[in-house]
Structure formats: C-alpha cells, structure tokens
Number of protein chains: 2
Amino acid sequence: MNSASASAHPDTARLESRRTRILDAAEKLFAEHGYDGVTLRAIAREADVDVALANYHFGRKHELFEATFMRRAELLNRWRIKALDEAFAAAAPNPPSVRAIMDAYLYPILHGPHITEPAWRSYYALVAYVNNSTEWGGKLMSRFFNPMVDRFIDALRKALPDAREEALFWGYHCLSGALTLAFAQTGRLDKLSGGLCRSEDLEEAYRHIVVFVTAGFEQLGLSTE
Amino acid sequence: MNSASASAHPDTARLESRRTRILDAAEKLFAEHGYDGVTLRAIAREADVDVALANYHFGRKHELFEATFMRRAELLNRWRIKALDEAFAAAAPNPPSVRAIMDAYLYPILHGPHITEPAWRSYYALVAYVNNSTEWGGKLMSRFFNPMVDRFIDALRKALPDAREEALFWGYHCLSGALTLAFAQTGRLDKLSGGLCRSEDLEEAYRHIVVFVTAGFEQLGLSTE
DNA sequence: CGCCGCATTCAACATTTGTTGAAGATTAGC
DNA sequence: GCTAATCTTCAACAAATGTTGAATGCGGCG
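The rules behind the values
- Residues numbered from 1 in each chain as written.
- Chains lettered and ligands numbered in written order.
- Predicted model: local features only at pLDDT ≥ 70, side-chain atom pairs only at ≥ 80, totals over all residues.
- Heavy atoms only, no water.
- Buried < 20%, exposed > 50% of the residue type's maximum accessible area, 1.4 Å probe, protein only.
- Helix = DSSP H or I, 4+ residues; strand = E, 2+ residues; numbered from the N terminus.
- Arc of directions from axis to C-beta.
- Near = heavy atom within 4 Å.
- Polar contact = N/O pair within 3.5 Å; in protein donor to acceptor, adjacent residues only side chain to side chain.
- Nonpolar A, V, L, I, M, F, W, Y, C, P; charged D, E, K, R; others polar.
- Phe/Tyr/Trp six-rings, centres within 6.5 Å; stacked < 30°, edge-to-face > 60°.
- Lys NZ or Arg CZ within 6 Å of the ring centre and 35° of its normal.
- Core = buried A, V, L, I, M, F, W, Y, C linked by side-chain atoms within 4.5 Å.
- Contact = heavy atoms within 4.5 Å.
- Least-squares fit on C-alpha atoms with pLDDT ≥ 70 in both.
- pLDDT = per-residue confidence, 0-100.
- Axes fitted to C-alpha atoms, helices over the stretch in contact; angles between N-to-C directions.
- Parallel < 35°, antiparallel > 145°, perpendicular 65-115°, else oblique.
- Left-handed = near helix turned anticlockwise from the far one by under 90°.
- Buried area = accessible area lost by both parts, 1.4 Å probe.
- Salt bridge = Lys/Arg side-chain N within 4 Å of Asp/Glu carboxyl O.

Asker: Kindly report on helix 2 (residues 40–47) of chain B, identifying the contributing residues and their values.
Answerer: All names here are of chain B. Buried within helix 2 we find Ile43, Ala44 and Ala47. Along helix 2, the residues classed as buried sweep out an arc of 100° about the axis, all on the same side. Among the exposed residues of helix 2, those pointing more than 90 degrees away from its buried face are Arg41 and Arg45. Asp48 sits one or two positions beyond helix 2 and adopts a positive phi of about 60°.

Here is the structure:
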C-alpha cells in the first residue's frame, strides 16, 4: 500500500520499499510479542530481506523500535489535536463538553484518514505494549505523546472547572487504560463474553468506551470532596 | 517473610526457602521486564541460587512463569469473591449497588490481608503485563481469573437490570484496563502531572478509580440506546 | 556405618542472539 | 562505459540463552 503511493520519484519509492517493509514487519511483530520477544532475524524474515539490512537502515535494535513507534505517533497526534481544535471551534465561545473532548480523543483512532490500512491495528497494539511496559515504556509514551495529552487535559480543565487537578490526571489514566486494554486484546475473541463482545469490532468498542469514560470524567469533575 | 513463617517442619521451611526465593525473584523480574526480557540466569542471580535450580523445581521457563502467576491469583480471587459475598449480604434482599460491587472488586487489592508485603506490588505489575500480552496473556488471564470475573459481571447484571449484555462486558474491559494501567505504572513518577499524581499512592488511585468506573458502569447501564 | 532420597551445584551442550566488516549489486552522473 | 555513492547480501564473530546429565552434598533410617 505504501510502496506505490504518491510515487514522488519512482526510484525513491523503490529505495524506501525495503526500508518501510522492515518497519512494517517490525511494527507487526513488536506489537504481537513485545520488544524482547522479537528477533531481528524474525523481522528480516517477515520483511523478506537480509538480517543486516535492518541494522544498516536503523542502527541498533532499540533504535528500530523507536523508529517504528514514532512513525505513526506523529500522525495520530496531529489528527487528535485537529479534532480537538474543531471541538473548540464548534463550541465557541464556550469550552467543548466532556463528551466532545472524548470524541476528539477517540474518534481519530477509528475514523482517521487511515482506517483501511490494517497496519494501524498493529500499531495500536504496539502502543498498548509500550504503555504497559514499566521500564522505559513510560518514558517513550511521555516523549511522544505528552504534548498532545497536555492539550486534552487542559481542555478538560475548562470543561470541568470544579474538578480538582489530580482528578484530571487520574481520569486520564483511566481513559488511557481502558483504551489500551481494548486494543491490546485486538484480534482475539473475548472468551469472557462467549464471543458476544469482540475486540475486533472497533465501532462497538468506540460506542461503549466513549460513554464509559465520559461518565467517569463528569463524575470525577463534580468531586470537590 | 515466607521463609521462617509457620515453621511447620524446620527442614521443610528451609527446603522451600530457595524455592520461594526463586518464585519471588521471578515475580519481581517478570513484572519489570516481561517474560522474554528476563533470563533464567538473572532470576538465579537475584535469588542467589544456581541456574539449574529453577529448572529442577519448576521445569521449563514458561512453567516457572505460570507458577509465579498462579501463586497469588488464587488468593486474590478468594478475597474478591469474599468481598462480593459480603456486599450481597449487606444489601439483601436487594442486589448490591454498582458502587458496592466496584468496591468489592477494588478493595482487596489495597486492603487485603497483605498490604505489608511489597511483593504484591510486583505481582500487580505482573498481572498488568500478562493482561496486555496479546499472544498467550489472554489465555492465562482467562484461565486464572474468569470464574471470579463471571461472578462480578453477574452481580452487575443484577445491579443494572436495564443494561445490555455487551455493555457489561465492555464496561468490565474499561474497568480492567483502568486498573491495569494504574498498576503497570507502579513505581514511576507520573511525568504528565509533574509529580502531582503518583502511581505509588494506591489510596489516591483507589479513590479516583472507583469513582470513575462506578460512573462509567452506571451510565452504560442506562443505555438501551 | 551404609544407604537412600532429595536438593543443589558444576560444567557443558547446541542454538540463537545482536552486531559487524568486507564483498557484491544497483543506481546516478558524467 | 567508468566512477562514485548508495543499497544489499554474505559469512562470521563473541556473547548469551534454555536446558541437561552427571556429580556432590546432606539429612534421616535401618
């Protein structure tokens, strides 16, 4: 999909072909098995290139991982911030509602200009992995997502003027956790519900999660307790 | 703590000493770095025993992991179910409120008969890791926790008679995710809030999470939409 | 003591790991 | 067609991995 896209220079496209194939393979495998669960040889096999090529293009293994992580983070951040700006514009001169903010945060995940590319599903699972990786995962998440998250928390501060400051951050933790888990389980049936509720069904997930977290934030926002 | 406890036979206690030391070391390291991020040699070093001893007591590496995972799962399940039973008893003849059910689910994590043992903190991070490990993590979680979770969902079904069936399961996903993330980040400062909201502060976490998820469930329970 | 069952150590195994440097292929400019 | 630069492969490295089988300690029992 990415190989023949745009076709700026035909040569550049072909040159980047293997590079992006490595990135795609890394994305898929890292999302499935985590950083230590994937070998460079497995990535090379998946991408159908030589082992040494990953090293040539990206350097060391952890640098390849970061490159994989960063590639889509920037896009996702842009889409979310754009959606948030639109929510502000639509609600002006008032701040947007909590529901509108949640929609801005969640909507791009499902309805960004990319829904067709299945690689994004892998990426969400990758984010879930990083988000739950206690050691350096937190640092990575902070580095790539914090500026965007700050804007959302600021929006929530305006939508919930009575909320205590910690409540906003804890609420964001809950939001992030709920979202993370939904996508971590991407692709596997939910044994619990006997197949009634599938993590693959992003539309269903979206409808329920947005209701859940909106209510959670609004309740937290009341508590000057 | 476990080594000199009870002292059934002095020899048995000493015999289990190394065995449990291996289990403790594995718990700590697996929680920090995940399954593939930990070597048997690192566990042996942490437990101050020989490499081969882990193999002697637990067999293969993944069996050691499961043993680690199972050890506390049974206790946790018992505490939660006991708390749920008490909630039913206290509310009889009505079903317990959503808040009471959430308390039963969350309370044992913080106020079980174990708060003093720091190893439990590692265990929660371990559960978080397993919960987000897409491959076999889901199977492990199902195997060890599903019976308990079923009882809680059944309680919610009674507390929220208008809720659609899927809503209960998605709500549980959100609950589980919020909880998971809070403990996955155990031990590291929250860069986002500039240290205002620390994941180590379990009491704070508890107060906010319980409010958030209770509100989420109650809102989901209304939606016959 | 001698024997036995258990726990523990030792040394080693075959693989696999990330990484590298040199050699080969491909492309672009002239 | 020659050159230079970039991309790709090949072969190999040392280090680390999970696992094993034989050897060693060590308690209790006859």
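Asker: A description of the protein's contact with DNA strand C should follow, citing residues and the corresponding values.
Answerer: Around DNA strand C there are 18 residues in total, and Thr39 and Arg41 of chain A together with Arg18, Tyr56 and His57 of chain B lie nearest to it. Counted by atom, the contact set of DNA strand C within 4 Å of the protein is 70% sugar and phosphate. One nitrogen or oxygen atom from the side chain of Arg41 of chain B is found 3.4 Å from a base nitrogen belonging to DNA strand C. Counting only elements with at least two residues in the surface near DNA strand C, the list comes to helix 1 (10–33), helix 2 (40–47) and helix 3 (51–58) of chain A together with helix 1 (10–33) and helix 3 (51–58) of chain B. Here the surface near DNA strand C takes 4 residues from helix 3 of chain B, the largest share from any one element. When its residues are assigned to classes, the surface near DNA strand C shows 7 nonpolar, 3 polar and 8 charged.

Asker: Hey, could you go over the protein's contact with DNA strand D for me, with residue numbers and the actual values?
Answerer: Around DNA strand D sit 16 residues, and of these Arg18, Tyr56 and His57 of chain A together with Thr39 and Arg41 of chain B come closest. Restricting attention to atoms of DNA strand D within 4 Å of the protein, one finds that 66% of them are sugar or phosphate atoms. Tyr56 of chain A is positioned such that a nitrogen or oxygen atom in its side chain is 2.9 Å from a phosphate oxygen of DNA strand D. Of all the elements in the fold, those that place two or more residues in the surface near DNA strand D are helix 1 and helix 3 of chain A together with helix 2 and helix 3 of chain B. Of the residues forming the surface near DNA strand D, the biggest block, 4 residues, is contributed by helix 3 of chain A. Its residues placed into classes, the surface near DNA strand D shows 7 nonpolar, 3 polar and 6 charged.

Asker: So what's going on with the packing of aromatic side chains? Residues and values would help.
Answerer: Scanning the model with the defined rule gives 35 aromatic pairs over all chains in all. Ring centres of Phe69 of chain A and Tyr123 of chain A lie 6.2 Å apart, and the angle between their planes is 40°; this geometry places the pair in the tilted category. With Phe69 of chain A in helix 4 (residues 61–91) and Tyr123 of chain A in helix 6 (residues 119–131), this residue pair connects regions lying 54 residues apart in the sequence. We note that Phe69 of chain A, like Tyr123 of chain A, is buried. With centroids separated by 5.5 Å and ring planes inclined at 80°, the aromatic side chains of Phe217 of chain A and Phe212 of chain B adopt a geometry described as edge-to-face. Of this pair, Phe217 of chain A sits in helix 9 (residues 202–222) while Phe212 of chain B sits in helix 9 (residues 202–222), which puts the two residues in different chains. By way of ring pairs, the aromatic residues Phe69, Trp79, Trp120, Tyr123, Tyr124, Phe144 and Phe145 of chain A are connected into one cluster. Across from the ring centre of Trp120 of chain B, 5.1 Å away, lies the NZ or CZ of Arg72 of chain B, which sits over that ring.

Asker: Describe the nonpolar core, naming the residues involved and giving the relevant values.
Answerer: Taken as a class, soluble globular proteins show a tendency for nonpolar side chains to be buried jointly. Formed by 147 residues in total, the largest nonpolar core has its most connected members in Phe69 and Phe145 of chain A together with Phe69 and Phe145 of chain B. Once residues within four sequence positions are removed from consideration, Phe145 of chain B is found in contact with Phe69, Ala73, Asn77, Tyr123 and Val127 of chain B.

Asker: Help me get a handle on the relation of the copies chain A and chain B, residues and values and all.
Answerer: For the pair chain A and chain B, the superposition axis carries a translation of 0.0 Å, the fit reaches an RMSD of 0.1 Å, and the rotation angle comes to 180°. What we have between these two chains is a two-fold relation.

Asker: Report on the confidence of the model for chain A, specifying residues and quantitative values.
Answerer: In this model, chain A carries a mean pLDDT of 84, and residues with pLDDT of at least 70 account for 86%. The low-confidence segment residues 1–15 of chain A, where pLDDT is below 50, has 2 contacts with residues more than four positions distant or belonging to other chains.

Asker: How would you summarise the environment of Ser176 of chain A if you had to cite specific residues and measurements?
Answerer: Residue position: Ser176 of chain A is located in helix 8 (residues 165–184). Residue classification places Ser176 of chain A among the buried residues on the basis of a relative accessible area of 8%. Residues Ser176 of chain A and Val213 of chain A, 37 residues apart in the sequence, show an inter-C-alpha distance of 9.7 Å. Apart from residues no more than four positions distant in its own chain, Ser176 of chain A is found in contact with Asn131 of chain A together with Leu181 of chain B.

Asker: So what's going on with the side chain of Asn77 of chain A? Which residues, and what values?
Answerer: Residue and element names in this part refer to chain A. In this fold, Asn77 is placed in helix 4. Classification of Asn77 as buried rests on a relative accessible area of 13%. Engagement of the side chain of Asn77 in a polar contact is seen with the backbone oxygen of Phe144, the distance being 2.9 Å. Setting aside its immediate chain neighbours within four residues, Asn77 contacts Phe144, Phe145 and Met148.

Asker: So what about the packing of helix 5 (residues 98–111) of chain B against helix 8 (residues 165–184) of chain B? Which residues, and what values?
Answerer: Between two packed helices, both the angle of their axes relative to each other and the distance between the axes serve to describe the pair. All names here are of chain B. At a minimum axis separation of 13 Å, helix 5 and helix 8 run at an interaxial angle of 20°. In terms of axis orientation, helix 5 runs roughly parallel to helix 8. As helix 5 packs across helix 8, the resulting crossing turns out to be right-handed. For the pair helix 5 and helix 8, the contacting residues are Met102, Tyr105, Leu106 and Ile109 in the first and Tyr172, Leu175, Leu179 and Phe183 in the second. The residue makeup of the contact of helix 5 with helix 8, split by class, is 8 nonpolar, no polar and no charged.

Asker: How would you summarise the interface of chain A and chain B if you had to cite specific residues and measurements?
Answerer: Where interface size is quoted, it is often the accessible area lost as the parts come together. Listed by partner, the interface residues are 56 residues for chain A and 56 residues for chain B. Summing the contributions of chain A and of chain B, the shared interface buries around 5,100 Å²; its carbon and sulfur component is 69%. Here chain A is connected to chain B by 0 salt bridges. In this assembly, chain A and chain B are joined by 1 residue pair in polar contact (both at pLDDT 80 or more). Per-element tally for the side of chain A that touches chain B: the top contributor is helix 8 of chain A, with 16 residues. In terms of residue class, the side of chain A that touches chain B is made up of 24 nonpolar, 19 polar and 13 charged.

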